[in-house]
Amino acid sequence: MKTFDVTALGELLIDFTENGVSLQGNPLFEANPGGAPCNVLAMLSKLGHKTAFIGKVGKDFFGEQLKAAIQEQGIHADYLRMDENVHTTLALVHTFPDGDRDFSFYREPGADMMLTEEEVPEALLADTKLFHFGTLSMTHEGVRRATKKAVTLAKQSGAWISFDPNLRPPLWKSMEEARQQALYGLEHCDILKISDNEIQWLTGEEDYTAGAEWIYGRYHIPLILVSMGKEGSRAYYHGRMAAEGRPYLRADTIETTGAGDTFCGCVLHFIVEHGLDGLTDGDLSEMLDFANRAASVITTRKGALRVMPTKEEILTV
């Protein structure tokens, strides 16, 4: 028996999200804890799983805020490093009227980039059922080596590997470099969560099913999840479309920050509970429905990490 259900590695940062205007008419920003891997862990923790995080923040005010935030959510923080020389990474999130977002990053450098191979905890990765990562921890060489070491160790321990490309073009030197690192993730994962625009970019296929077939034909990933925003989601299992989940559109949606991470956390919850083998179309439909419900709830809240929905809230959507 392994101690941790899910361990994730990657960015933990401050999302400055718009929250009204001042008396002078200037935009006001709220400093929300964020970062896709920890958003996923926060959802899993809310559903009762034991989770752990590997990453780095600055030894500064924001770093202390982030450490406290993940601890409050029940995420094991012993392997969160604090860099005395590089500040915590910041992101400014501009929300459009339809709830979609645009990101501006302050990360040249940012502390999340400074994680080293030597700081990757081998014992933790041997003691987790599932390991989750994305591409933001592969934008620069040092943290890229750390990420790949963690993937190797987790695979050696028999853990499932989950990957979410979570493409953020401004953080890459070139989109070709981004593509190569995304393909590394596809090569090594058992569970792929990918968005509609990402699968089109990565495969060159406009049709999502054609894109999923392109990926499966090259990498044989058992479970591919395509999140399609207002169109819902799909699950491709061993190369075929096995389920499609309808969206839960809300009149009270204010922003989409964290919706994909909430969805991903719920998918991983299902896999930790049921395993990856022998899943039926009905199982996958149930999984997508629960994940889509949860994602709809988070769109009604500012931020994500600290406000993940409970199981009861998800089931009442």
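Residues numbered from 1 in each chain as written. Predicted model: local features only at pLDDT ≥ 70, side-chain atom pairs only at ≥ 80, totals over all residues. Heavy atoms only, no water.

## What to know about the packing of helix α1 (residues 36–46) against helix α8 (residues 259–274)
Two quantities define a packed helix pair, namely the angle between the helix axes and the distance between the axes. Their axes nearest at 8 Å, the elements α1 and α8 cross at an angle of 50°. Classified by the interaxial angle, the pair formed by α1 and α8 is oblique. Seen from above, α1 lies across α8 with right-handed handedness. In this structure, α1 contributes Ala36, Asn39, Val40, Met43 and Leu44 to the contact, and α8 contributes Asp261, Thr262, Cys264, Gly265, Cys266, Leu268 and His269. For the contact of α1 with α8, the per-class residue count stands at seven nonpolar, four polar and one charged. (Axes fitted to C-alpha atoms, helices over the stretch in contact; angles between N-to-C directions. Helix = DSSP H or I, 4+ residues; strand = E, 2+ residues; numbered from the N terminus. Parallel < 35°, antiparallel > 145°, perpendicular 65-115°, else oblique. Left-handed = near helix turned anticlockwise from the far one by under 90°. Contact = heavy atoms within 4.5 Å. Nonpolar A, V, L, I, M, F, W, Y, C, P; charged D, E, K, R; others polar.)

## Structural notes on the pattern of salt bridges
Within this structure, the stated rule accounts for 15 salt bridges. Across the pair Arg144 and Glu141 runs a salt bridge whose closest N-O atoms are separated by 3.3 Å. Here the residue Arg144 and the residue Glu141 both occupy positions in helix α4 (residues 141–156), the gap between them amounting to three residues, near one helical turn. Between Glu244 and Arg234 there is a salt bridge; the shortest N-O distance is 3.4 Å. Here Glu244 is found in strand β14 (residues 240–245), whereas its partner Arg234 is found in strand β13 (residues 233–237), with ten residues between them in sequence. Taking relative accessible area as the criterion, Arg234 reaches 16% and is therefore assigned buried. (Salt bridge = Lys/Arg side-chain N within 4 Å of Asp/Glu carboxyl O. Buried < 20%, exposed > 50% of the residue type's maximum accessible area, 1.4 Å probe, protein only.)

## Remarks on the packing of aromatic side chains
Applying the stated criterion to the full structure yields five aromatic pairs. Between Phe103 and Phe105, the aromatic rings sit 5.9 Å apart at their centres with planes inclined by 15°, giving stacked as the arrangement. By relative accessible area, which is 14% here, Phe103 ends up buried. Centroid distance Phe133 to Phe163: 4.9 Å. Interplanar angle 40°. Geometry classified as tilted. With Phe133 in strand β9 (residues 128–134) and Phe163 in strand β10 (residues 160–164), this pair connects stretches of sequence that are 30 residues apart. Summarising the burial analysis for this pair, Phe133 and Phe163 share the class buried. (Phe/Tyr/Trp six-rings, centres within 6.5 Å; stacked < 30°, edge-to-face > 60°.)

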